Each structure stands twice: as structure tokens, then as C-alpha cells.
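Coordinate inspection notes
Spelled out from the first residue to the last, the chains are:
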Amino acid sequence: SQQGEEDPQALSIQEGENATMNCSYKTSINNLQWYRQNSGRGLVHLILIRSNEREKHSGRLRVTLDTSKKSSSLLITASRAADTASYFCATDGSKLTFGKGITLSVRP
Amino acid sequence: EAGVAQSPRYKIIEKRQSVAFWCNPISGHATLYWYQQILGQGPKLLIQFQNNGVVDDSQLPKDRFSAERLKGVDSTLKIQPAKLEDSAVYLCASSERGDEKLFFGSGTQLSVL
């Protein structure tokens, strides 16, 4: 299966701290995406990194991809209470497949 | 730009009843997806349309689930008859042709009692 597996399952940090979330997958991919889901809402696309890229930035987000280790990490810097949500990695091989997600809680 | 519209927002039915969900994708988006998200899990793809043709329905329980996308725009997903394990959020998403980024609707939360 190409399904990404996120780690940790849950993360609780203080506002202003950095949050690091990891994703591992099993087979080769075309790209890897990260999505955010607020409670009771749909998913929102955050960032896409292609298999030939190693690092990408978007605002307070930094994503890395290591295809040799089949892993990716999402770093949110200077977290805010509004970052409280579930975060999903999605791997795109022949189709987009989502992991189970990481629940991030940012305490004010 | 208007987002992906879904209705209803919530639905409660009894097992063995039928239910239908509606989705209106972002204008101009050729690809439409239906995902099932069970509580505590990630979304699972049920069916993918390219215009009004089916690209992937390998994980759609075809004995009870059906979906159509007439005229390559709106789509409906139907469950008949519903089972307790169908309780989930049903998410619709769309994307531009050739673009890997998906735009999701807010979903329909289905409770089967």
C-alpha cells in the first residue's frame, strides 16, 4: 500500500513553539501533499512536494522529502492556537492516498 | 471563487434506508472525487470522475453504493440500503485537469442508527 503513516498520532505544544510531524510511506511516489482539517470541516491543501524536490517552504510551513528513506516531515514554525487541527499526508502514486492523520493541539 | 458545495450537511437514517448526497464542484474542475472518512481515520477514495467518466471506483462497495456525474458537473452519491458501518463523513473534492491539488467540500456527516 502507498498509504502514508503519520507520526506522532497526537501532538500538544505551547503557542510559539515549533511543531514537527512526520510521514512515512512504502512505495515510490510522484508527489507528496500535506492537508489540514479543522474539526467538522473538509480538508485544506497546504503544500505539495514532488519526488525530485528535497525541501519546500510556504509561509510558516517547511516540508522535506527524503525518497531514499521514503519519509517526509512537515514543520510549522511559531505555532498559533489557530493551527490546532488534524494534519494528513497524502501520497500520490497512481492515486492520492491519505494517512490516518496527526492531531495537533496548540495551547494558548 | 466559490468552493466545493455539498448537501446535506448532516443526515441521520436508520439501517436499510436509502440516502443520497449531492456535490457541486468548483466551476471548471474536470475531476471530481468522493471520499469516505470514518471517525479517527484519513479519507478513503470511493470514486473518481474525469468529466462524466469513471476513472477509479475500485474501493466503491458497488452492491450498495452508486455514484453518477451527469453532464460532467454535479455529482450524487447514493447508498441503498445503508448499514451501520456506513456512518462516516462523505467528502467531495474537485481538481483542475492535470492538477494534483484537491479542493474539498465541508462534507456530509451520515449517522446510520
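Now for a description of the structure that goes with this document. As the structure is a prediction and not an experimental result, all values here were calculated from the model.

**Focus on the sheet that holds strand β7 (residues 61-66) of chain A**
Residue and element names in this part refer to chain A. Spatially, five strands are ordered β1-β3-β8-β7-β6 in an open sheet, and the strand pairing comes out antiparallel. Two strands in the sheet have a free side with no partner beyond their single neighbour: β1 (5-7) and β6 (55-58). Recorded for the sheet is a direction-independent mean angle of 20 degrees between the axes of neighbouring strands. Bridge count between β7 and strand β8 (residues 71-76): six bridges; the pairing is antiparallel. By the bridge assignment for β8, Arg62 is matched with Leu75.

**Re the environment of Lys69(A)**
By the element assignment, Lys69(A) lies in the loop between β7 and β8. In this structure, the C-alpha to C-alpha distance between Lys69(A) and Tyr25(A), residues 44 residues apart in sequence, is 8.8 Å.

**Considerations on the state of the cysteines**
Counting across every chain of the model gives two disulfides over all chains. Here Cys23(A) is linked by a disulfide to Cys89(A), with a sulfur-sulfur distance of 2.0 Å. Residues Cys23(A) and Cys89(A) are joined by a disulfide whose S-S torsion is about 60 degrees; by sign, that bridge is right-handed. Of this pair, Cys23(A) sits in strand β3 (residues 19-24) while Cys89(A) sits in strand β9 (residues 85-92); the two residues are 66 residues apart in sequence, bridging distant segments of the chain. Of the two residues examined, Cys23(A) and Cys89(A), each falls in the buried class. With its sulfur 1.9 Å from that of its partner, Cys23(B) forms a disulfide with Cys92(B). What sets the handedness of the Cys23(B) and Cys92(B) disulfide is the S-S torsion sign, and at about -70 degrees it is left-handed. On the criterion of sequence distance, the pair formed by Cys23(B) in strand β3 (residues 19-24) and Cys92(B) in strand β9 (residues 88-95) is long-range, its members being 69 residues apart. For Cys23(B), a relative accessible area of 0% corresponds to the buried category. We classify Cys92(B) as buried; its relative accessible area is 0%.

**Notes on the pattern of salt bridges**
A full pass over the atoms with the stated rule returns seven salt bridges over all chains. A salt bridge links Arg50(A) to Glu100(B); its shortest N-O distance comes to 2.7 Å. Of the two residues, Arg50(A) is situated in strand β5 (residues 43-50) and Glu100(B) in the loop between β9 and β10 (103-104); the pairing between them involves two chains. According to the relative accessible area criterion, Arg50(A) is partly exposed, its value standing at 36%. A salt bridge links Arg60(A) to Asp83(A), with the nearest nitrogen and oxygen atoms 2.9 Å apart. Remark: Asp83(A) occurs in the loop between β8 and β9 and Arg60(A) occurs in the loop between β6 and β7; sequence separation between them is 23 residues. Classification of Arg60(A) by relative accessible area gives partly exposed; the value is 23%.

The rules we used
Residue positions within a chain follow its written sequence, with the count starting from 1. Note on labels: chains are lettered from A, ligands numbered from 1, in written order. It should be noted that, the model being predicted, local features are given only for residues of pLDDT at least 70 and side-chain atom pairs only at 80 or more, the latter also being counted only at that level, while totals for whole chains, interfaces and linings use all residues. Hydrogens and water molecules were not included; the side-chain quantities draw on all heavy atoms of the structure. Any two strands are treated as partners once DSSP identifies two or more bridges connecting them. Helix and strand assignments come from DSSP, with helices taken as H or I runs of at least 4 residues and strands as E runs of at least 2, each series counted from the N terminus. Between N-to-C directions, angles span 0 to 180 degrees; the directions come from axes that are lines fitted to C-alpha atoms, helices contributing only their stretch in contact. When two cysteine sulfur atoms lie within 2.5 Å, the pair is treated as a disulfide. Exposure is judged per residue with a 1.4 Å probe applied to protein chains only, and the accessible area is read against the type maximum: over 50% gives exposed, under 20% gives buried, and values in between give partly exposed. For this analysis, a salt bridge means a side-chain nitrogen from Lys or Arg found within 4 Å of a carboxyl oxygen belonging to Asp or Glu.

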